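Read off the chains here:
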Amino acid sequence: ARGGARLAARTSGDSTVAYGIGFARAVEAALQIAAPARAHYLRALMAELERLANHLGDIGAICNDASFALMHAHCGILRELVLRAAQACFGHRLMMDCVIPGGVRTDLTGEGDASLKVLLRKIRERFPKLIELYDNTASLQDRTAATGILQGALARRFGAPGFVGRASGRDFDARKTLGYPPYSELDFTVPVLSAGDVNARVWIRIREVEQSLALIEQILDSAPQGPIAVELGDGSGEGLALVESFRGDVLVSLRLEAGRIARCHLRDPSWFQWPLLEVAIEGNIVADFPLCNKSFNCSYSGHDS
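These notes cover the structure that comes with them. Here the structure is a predicted model, which is why all the values come from computation and not from measurement. (Residues numbered from 1 in each chain as written. Predicted model: local features only at pLDDT ≥ 70, side-chain atom pairs only at ≥ 80, totals over all residues. Heavy atoms only, no water.)

### Observations regarding the pattern of salt bridges
- Summed over the entire model, instances satisfying the criterion amount to 20 salt bridges.
- Lys294 is the partner of Asp58 in a salt bridge, and the nearest nitrogen-oxygen pair spans 3.6 Å. Highlighted residues: Asp58 in helix α3 (residues 37-64) and Lys294 in helix α12 (residues 289-296), separated in sequence by 236 residues.
- The exposure class of Asp58 is buried, given its relative accessible area of 4%.
- Through salt bridges that share partners, Glu48, Arg51, Arg166, Asp173, Arg175, Glu208 and Glu244 make up one connected network. (Salt bridge = Lys/Arg side-chain N within 4 Å of Asp/Glu carboxyl O. Helix = DSSP H or I, 4+ residues; strand = E, 2+ residues; numbered from the N terminus. Buried < 20%, exposed > 50% of the residue type's maximum accessible area, 1.4 Å probe, protein only.)

### So, the side chain of Arg51
- In this structure, Arg51 sits in helix α3.
- Arg51 gets classed as buried once you look at its relative accessible area, which sits at 2%.

### Let's talk about the environment of Phe127
- Looking at the element boundaries, Phe127 is found in helix α5 (residues 110-136).
- It is 9.1 Å that separates the C-alpha atoms of Phe127 and Ile206, two residues lying 79 residues apart in sequence.

### Digging into the packing of aromatic side chains
- This structure, assessed with the given rule, holds five aromatic pairs.
- Both rings, one in Tyr180 and one in Tyr183, keep their centres 5.4 Å apart while their planes meet at 80°; by these two values the pair is edge-to-face.
- By relative accessible area, which is 8% here, Tyr180 ends up buried.
- The interplanar angle of 55° and the centroid separation of 5.0 Å between the aromatic rings of Trp274 and Tyr300 together place this pair among those described as tilted. One end of the pair, Trp274, is in helix α11 (residues 270-280); the other, Tyr300, is in helix α13 (residues 300-304), and 26 residues separate them in sequence.
- A relative accessible area of 21% means that Trp274 is categorised as partly exposed.
- A cation over an aromatic ring shows up here: Arg175 above the ring of Tyr183, its NZ or CZ 5.7 Å from the ring centre.
- The side chain of Arg205 reaches across the aromatic face of Phe163, ending 3.7 Å from its centre. (Phe/Tyr/Trp six-rings, centres within 6.5 Å; stacked < 30°, edge-to-face > 60°. Lys NZ or Arg CZ within 6 Å of the ring centre and 35° of its normal.)

Structure follows, in structure tokens:
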């Protein structure tokens, strides 16, 4: 079962942590065991770092597809700072193999704690200026506003997850709706807009970056001390988990037989997003396809798996 966590995490390279958490929680449900409280907080810390890195990358890439390379460059710098902090905290820029069934592999050191506090300070200093630049650049707004509109009714009909659904009025976030640990003990809001265009999907990401910064700060302040993993054993059973990746909710369903994986199904949020992208690009000029596509940022590997 531990070996399967690596396979699950690598199904979608930009959601390494989310898939790892989903797989681990499904195994724990199948074996009817609970990971230690500190492990839940460390998992959430990794997940929010992953969310930060991907959202910052997406914001810059969307602007780059509108030929606004300055935003792309500066968001790329902030993304690099997040990845370096992840390396300092957990020994891997993408935190690969850090989440395991039963807990986590690596604890947060004092050096890692300090690096995160520096990261929070730097992003809070620089990010608002970038958002002001995005919001006040008329030529950029002309490209993103009213482009690639996804109507709320379709978002709800397809159960559109993540920023795609929330930009079109669908208020669902597994961290809040299900409240799996430790999110039920943390204070955060889920941003929701109704315009459903590229601009709205950018703003959802912006607001989620702000929420992730606050969540990381709360986790550092409130994470309990204690063990970071428990032994699994060689039991049998079936487990199901739904966790929130940066792209939307990831579903993991599996069956264990004597500690070995007999059946495992991974469902990426892009299963529900790809058909909606086809609708969103209708009526737009060809030059705006990259904007629509990147604002959805569907996963290829996650869908094909």
